[in-house]
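Listed below are the residues making up each chain.
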Amino acid sequence: MGKTEKYDHMKVIGEYAGGYKKLITLGRCLAGISAIMTLIPYYELWKIIRTAVNGENTNQIKTYAFISVGLIIGALLVYIAALLCTHIAAFRVQANMRSSLMRRIITLPLGVFDEDGTGKIRRIVNDSTAATETFIAHTLADKTVAAVTPVGLLVLVFAFNPVMGLICMIPAVIGFCCLMKMMGKGMQEKMKEYQDALENMSSEATEYVRGVPVVKTFGQTVHSFKRFKECIDGYCKWATDYTLMLRFPMAGFMTCINAVFAFIVIAAFWVTGDGIANADILNIMYYIIITPLITIALTKIAYSGESEMNLIDALKRAEKIMDIEPLNESRTAVNPSGNEIELKNVTYRYKDAVRDAVKNVSLTIKPGEHVAFVGPSGSGKTTLAELMVRFFDVTGGSILIGGVDVKDISSAKLMEKVSFVFQDSRLIKKSIFENVRMAKPDASEAQVLEALKKAQCMDIIEKLPDGIHTVIGEKGTYLSGGEQQRITIARAVLKDAPILILDEATAFADPDNEAKVQAAFEELSKNKTLIMIAHRLSTVMNADRIFVMEGGKCVESGNHEELISKNGLYKKMFDEYTKAAMWKVGA
Ligand code: ADP
Ligand code: MG
């Protein structure tokens, strides 16, 4: 059913299940037994009708009835046992899948998380494993029932009156053909499109919600979120096309499964052509009861087919994460000597991009130097900073820290050397204490407090109910963007790495926060190599050296005075900046 491509999903599930594979098999066997047990009462029913029609011993009816009830209860119990087995196995598979995904995710280059979007990854880890769990826990048992029942039913249908059975099977056969057509080729593709559309809408919706402040502030209309609208429109079109595609087979299927009674009437006329006998009444009554069961079985097959396609899609998505190249850890890890940073012809192109985001950048940053990167948006500043901490590996050239290529430094060592505060640094839903201590898991409370003090966070702590042990995001304790930023700075202070990278770290801070954030940075960058990326040129004026980026290249460098006298891009940016700043003062 539905296997348009050769994809052995049971093998994949088996790999995740390990020893629990046997439990899945046991569950399926029990489900099969339960299906057979459910069918036997129909034979008893036939005997009951026969006894009644022929006016035979009514005591017999009681016996048949008790056997039936007993079998049905028995079947239910066996089915529960089957579900128990498949559920235990399903939970195990889900747990194994999640942990192997998470183990993989930890080894991935950090850059993956903005390239592919954390939203997408989260969806795969949550939803794909949940789909797999549902499939194993419920669908597998149902599928066995759906396979066993029609066979048993066929036996029951043809055993008593083959002619009537044959006529009653006509709608079932046509219905089955319609079903096969629906499940046929293109369906797996459609399911993939459906999941893709959901994924896109979910990540665009997040973007949209994040952008609401901009919409409100600048009085833009919702139409400025073109991509969001486009993906909703795309989904709408998909849904319409899909519905239209299924219109005829679905109508056929529904007509057939609902037409069974019409065929029973035809069959009744057929077999009673020359006078009605007791045996005919018995058969007609029996067929009225049993034939609809075939359609129920067909519907079950349809659903389990759909859920199987969902599963295949889910497994493939999980595989896609497993297929991302992890960051290669050098086996011969070399310890860097010193903190000098040297970029040699560094080039980087994002996957599937048409041009380099960073092109042939060569420069050296001396230990203890304070440098700044400025340039128009999209000029490659963030990319360059991310390359230095190996969010990605360069596509050309090399980056050396302390004379050693970053690829040859173990990631633990590299993280010891560098700390970074990015614009959207987030806090996790734990206490402030634990959030800060993430930088240095063995730090004492006194050390954490010291770091918070240096990062100018004491005013935040004072107003929280449980001080540094207040859990962020709980009981309405939310911190503003600027406040969160100061906490992440405290994290960097505690880490005390010799190299510090700040990417537009003050861009979102309000004036009150900005002054504090600035003070925190000054404290933080004492005796350290500082690499700063900033919008506000006022914050970079004092840097020892400023690198001006444009179109992925470093086009100018020097200190503020030198760059102003060069009368180039920096001068132009500075003039515009001062104009804007003055305009603000005037207003
Ligand atoms: P800046 O920080 O100077 O604004 P970035 O380094 O963010 O610039 O971006 C440099 C270029 O790389 C831009 O053209 C941008 O569109 C592109 N870029 C940035 N991030 C990605 C990404 N995850 N995938 C593809 N292209 C990207
Ligand atoms: Mg940037």
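What counts as what
Residues numbered from 1 in each chain as written. Chains lettered and ligands numbered in written order. Predicted model: local features only at pLDDT ≥ 70, side-chain atom pairs only at ≥ 80, totals over all residues. Heavy atoms only, no water. Near = heavy atom within 4 Å. Polar contact = N/O pair within 3.5 Å; in protein donor to acceptor, adjacent residues only side chain to side chain. Areas by Shrake-Rupley, 256 points an atom, 1.4 Å probe, with all protein chains shown as cover. Helix = DSSP H or I, 4+ residues; strand = E, 2+ residues; numbered from the N terminus. Nonpolar A, V, L, I, M, F, W, Y, C, P; charged D, E, K, R; others polar. Domains from an automatic or database assignment. Buried area = accessible area lost by both parts, 1.4 Å probe. Salt bridge = Lys/Arg side-chain N within 4 Å of Asp/Glu carboxyl O. Expected span 1.5 Å × (residues − 1). Buried < 20%, exposed > 50% of the residue type's maximum accessible area, 1.4 Å probe, protein only. Phe/Tyr/Trp six-rings, centres within 6.5 Å; stacked < 30°, edge-to-face > 60°. Pairing = 2+ DSSP bridges. Axes fitted to C-alpha atoms, helices over the stretch in contact; angles between N-to-C directions. Parallel < 35°, antiparallel > 145°, perpendicular 65-115°, else oblique. Left-handed = near helix turned anticlockwise from the far one by under 90°. Contact = heavy atoms within 4.5 Å. Patch = residues over 30% accessible without salt bridge, like charges linked within 9 Å, V, L, I, M, F, W, Y side chains within 5 Å.

A. Just the site of ligand 1, in detail. Around ligand 1, a shell composed of twelve residues is seen, among which Gly378, Gly380, Lys381, Thr382 and Thr383 lie nearest. Contact between ligand 1 and Gly380: an oxygen atom at 3.0 Å from a main-chain N or O atom of the residue. Thr382 places a side-chain nitrogen or oxygen 2.6 Å from an oxygen atom of ligand 1. Considering ligand 1 on its own, with 560 Å² of exposed area, one finds that the protein chains cover 65% of that surface. Among the elements that take part in the shell around ligand 1, helix α10 (residues 381-388) stands out by supplying three residues, more than any other. Within the shell around ligand 1, the residues separate by chemical class into three nonpolar, six polar and three charged.

B. Examining the domain arrangement of the chain more closely. What the domain assignment lists for the chain is domain 1 (9-323) and domain 2 (341-582). Placing a centre on the C-alpha atoms of domain 1 and another on those of domain 2 gives a separation of 52 Å. Where domain 1 abuts domain 2, roughly 550 Å² becomes buried across the two surfaces, and 50% of that area is made up of carbon and sulfur atoms. Linking domain 1 with domain 2 are zero salt bridges. Summed over the shared surface of domain 1 and domain 2, the result is zero residue pairs in polar contact (both at pLDDT 80 or more). Taken together, the residues of the side of domain 1 that touches domain 2 break down into two nonpolar, one polar and three charged.

C. Structural view of helix α5 (residues 162-183). Along its 22 residues, α5 runs 30 Å from first to last C-alpha, staying within 8% of the 32 Å computed at 1.5 Å per residue. Buried residues of α5: Met164, Gly165, Ile167, Cys168, Met169, Pro171, Ala172, Gly175, Cys178, Leu179, Met182 and Met183, and no others.

D. Here's a closer look at the packing of aromatic side chains. Per the counting criterion, the structure on display carries twelve aromatic pairs. Ring centres 5.1 Å apart and planes at 85° place the aromatic pair Tyr348 and Tyr350 in the edge-to-face group. Centroid distance Tyr348 to Phe392: 4.9 Å. Interplanar angle 25°. Geometry classified as stacked. Taken together, the positions of Tyr348 in strand β1 (residues 341-348) and Phe392 in the loop between α10 and β4 (396-401) put the pair 44 residues apart, joining distant regions of the chain.

E. Structural context of the pairing of strand β9 (residues 545-550). Bridge count between strand β3 (residues 370-374) and β9: four bridges; the pairing is parallel. When the sheet's bridge partners are listed, Phe373 is paired in β9 with Phe547. What sits between β9 and strand β10 (residues 553-558) in their antiparallel hairpin is a turn of two residues, with Gly551 showing a positive phi close to 55°.

F. Looking closely at the packing of helix α2 (residues 21-53) against helix α9 (residues 278-323). Contact pair α2 / α9: the axes reach a minimum separation of 9 Å and the direction vectors enclose 150°. When the axes of α2 and α9 are compared, the pair comes out roughly antiparallel. Seen along the crossing, α2 lies across α9 with a hand that is right-handed. Contact residues: α2 offers Tyr42, Leu45, Trp46, Ile49, Arg50 and Val53, while α9 offers Asn278, Ile281, Leu282, Asn283, Met285, Tyr286, Ile289, Ile290 and Leu293. Among the residues forming the contact of α2 with α9, the class breakdown is twelve nonpolar, two polar and one charged.

G. Quick look at the sheet that holds β3. One open sheet accounts for six strands, arranged β6-β7-β8-β3-β9-β10; its pairing is mixed. The two strands at the open ends of the sheet, each matched to only one other strand, are β6 (418-422) and β10. Going from strand to strand, the sheet's axes swing by 15° on average, the running direction of each strand aside. Strand direction decides the pairing type here: β9 and β10, joined by five bridges, are antiparallel. Bridge pairing in β10 links Glu550 to Lys553. Strands in contact with helix α15 (residues 481-495) are β6 and β7 (499-503); relative to β6, the strand with the most contacts, it is inclined by about 175°.

H. The sheet that holds strand β5 (residues 404-405), seen in detail. Here we have four strands laid out as an open sheet, ordered β2-β1-β4-β5, and antiparallel in their pairing. Each edge of the open sheet carries a strand with a single partner, namely β2 (358-365) and β5. One ladder, built from two bridges, connects β4 with β5; its direction is antiparallel. Counterpart to Ile401 in the pairing with β5 is Val404. Sheet strands touched by α10: β1, β2 and β4. Its angle to β1, the strand with the most contacts, is close to 120°.

I. A look at unusual backbone geometry. You will see that Arg390, though not glycine, has its phi angle at about 60°, which is positive. Its location among the elements puts Arg390 in the loop between α10 and β4. By relative accessible area, Arg390 is classed as buried at 5%. A positive phi is found at Gln456, a non-glycine position, where the angle reads about 60°.

J. Representation of a nonpolar patch on the surface. A cluster of nonpolar residues, Val69, Ile73, Leu76, Leu77 and Ile80, forms a patch on the protein surface that exposes about 490 Å² of accessible area. Structurally, the position occupied by Leu76 is in helix α3 (residues 58-107). Owing to a relative accessible area of 54%, Leu76 belongs among the exposed residues under this scheme.

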